[in-house]
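# Structural overview
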Amino acid sequence: MPFATSNGITLSYQSGGTGDPVLLIMGSSAAGHVWAMHQTPALQQAGYRTVTFDNRGVSPSSVPPGDYTLDELAADTQGLIEALDLGPCHIVGTSLGAIVTQAVAIRWPHLVRSAVLIATRARTDVLRARMSLADKALRESGLVLPASYRAVRTALEMLSPATLNDEEVIAGWIDIMELSGGQDVAIGQEAVIDSLGDLRPALAGITAPCRAIAFTDDLICPPHLVAETAEAIPGCDLVQIDGCGHLGYLERPDEVNAAILEFLQKH
């Protein structure tokens, strides 16, 4: 895996395909290679070059101590785009990655050709704030939850009822989450959401074409928060995909890929 120096740290990245570049930014605690399950093959087949990377805090990228800020993650992305000479490029981000995409589009518009914001939000509402505080209190308590418990809780938070109640597939999902869900992965990233504030006033300055994608059963970035983000960005359109939760790009990859490609091909 190659590495690039950006914003004073080292980022691991992967690149494949040829054509116009698409940079994909993963969500909190997740590795960039998750995109390779469904999105990068579809993009490469459609004639795009894809670049994925591990955000700071996700090894083998640098894992600096302490809490991270949105400014740091956005500057990491800006530096990677410039180091790889990708700009202006299409950017696809999900969850935390979509928030980083917002920040890059606000601050470095010349680097962004278009942006797809999957499962995004521009602020933290009361329920999501309480969820974050509860997670922080659990970490600070020193209590280590069994991996099996964490996996089931993650499934309940991240997947749709349709998947949770599908007895042919849910055991596989939980097994994967148990194997991959470390207790202390990229803890520094959590502070980005905790200190998010309200980005909506700044979103009015975005000039790149944008599309927001919402998932009907998303508990982390519910459709109403995605919709208000889209409303704050001039000309941003909104696509809602049924029957999936926060991991909709894995639960309904064909529909998500179609929404991404249809948008990119117009810009």
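Summarised in this report is the structure supplied together with it. (Residues numbered from 1 in each chain as written. Predicted model: local features only at pLDDT ≥ 70, side-chain atom pairs only at ≥ 80, totals over all residues. Heavy atoms only, no water.)

### Comments concerning the overall build of the protein
When helices and strands are counted, the protein shows 12 helices and eight strands. Relative to the 2.2 N^0.38 estimate, which gives 18 Å for 267 residues, the radius of gyration of the protein is 17 Å and therefore close to what a compact globule would have. Taking the principal axes of its C-alpha atoms as reference, the protein extends roughly 45 × 40 × 40 Å. Contacts spanning at least 24 positions in sequence make up 76% of the contacts within the protein whose residues lie at least 6 apart. In the structure as shown, the protein presents an accessible area of about 11400 Å², 54% of it carried by carbon and sulfur atoms. Where the 16 positive side-chain charges of the protein centre and where its 31 negative ones centre are 5 Å apart. (Helix = DSSP H or I, 4+ residues; strand = E, 2+ residues; numbered from the N terminus. Rg over C-alpha atoms; globule rule 2.2 N^0.38 Å. Contact = heavy atoms within 4.5 Å. Areas by Shrake-Rupley, 256 points an atom, 1.4 Å probe, with all protein chains shown as cover. Lys, Arg positive; Asp, Glu negative; His and termini not counted. Charge placed at Lys NZ, Arg CZ, Asp CG, Glu CD.)

### Concerning unusual backbone geometry
Omega for the peptide link from Ser-59 to Pro-60 comes to 15°, which places this bond in the cis form. For Pro-60, the position within the fold is in the loop between strand 4 (48-53) and helix 2 (70-83). Along the chain, Gly-87 connects to Pro-88 via a cis peptide bond; the corresponding omega equals -5°. Mapping Pro-88 onto the fold places it in the loop between helix 2 and strand 5 (89-94). Positive phi values are uncommon outside glycine, yet Asn-7 reaches one of about 55°. Following the sequence through the fold, Asn-7 ends up in the loop between strand 1 (3-6) and strand 2 (9-16). The phi angle at Ser-95 is positive, at roughly 55°, despite the residue not being glycine. On the basis of relative accessible area, Ser-95 is assigned to the buried category, the value being 14%. (Buried < 20%, exposed > 50% of the residue type's maximum accessible area, 1.4 Å probe, protein only.)

### What about the sheet that holds strand 6 (residues 112-118)?
Read from one edge of the open sheet, eight strands run 1-2-4-3-5-6-7-8, paired in mixed fashion. For this open sheet the edge positions go to strand 1 and strand 8 (237-241), each flanked by a neighbour on one side alone. For this sheet the average axis-to-axis angle between neighbouring strands, irrespective of direction, equals 25°. Helix 3 (residues 96-107) contacts strand 3 (20-25), strand 5 and strand 6 of the sheet and is inclined by roughly 145° relative to strand 5. Together, strand 3, strand 4, strand 5, strand 6, strand 7 (210-215) and strand 8 form the strand contacts of helix 12 (residues 253-264), whose direction differs from that of strand 6 by roughly 160°. (Pairing = 2+ DSSP bridges. Axes fitted to C-alpha atoms, helices over the stretch in contact; angles between N-to-C directions.)

### As for the state of the cysteines
In protein structure, a disulfide is the covalent linkage between the sulfur atoms of two cysteines. Under the definition given, this model contains zero disulfides. Among the cysteines around Cys-210, which has no disulfide bond, Cys-236 carries the closest sulfur, lying 5.3 Å off. (Disulfide = S-S within 2.5 Å.)

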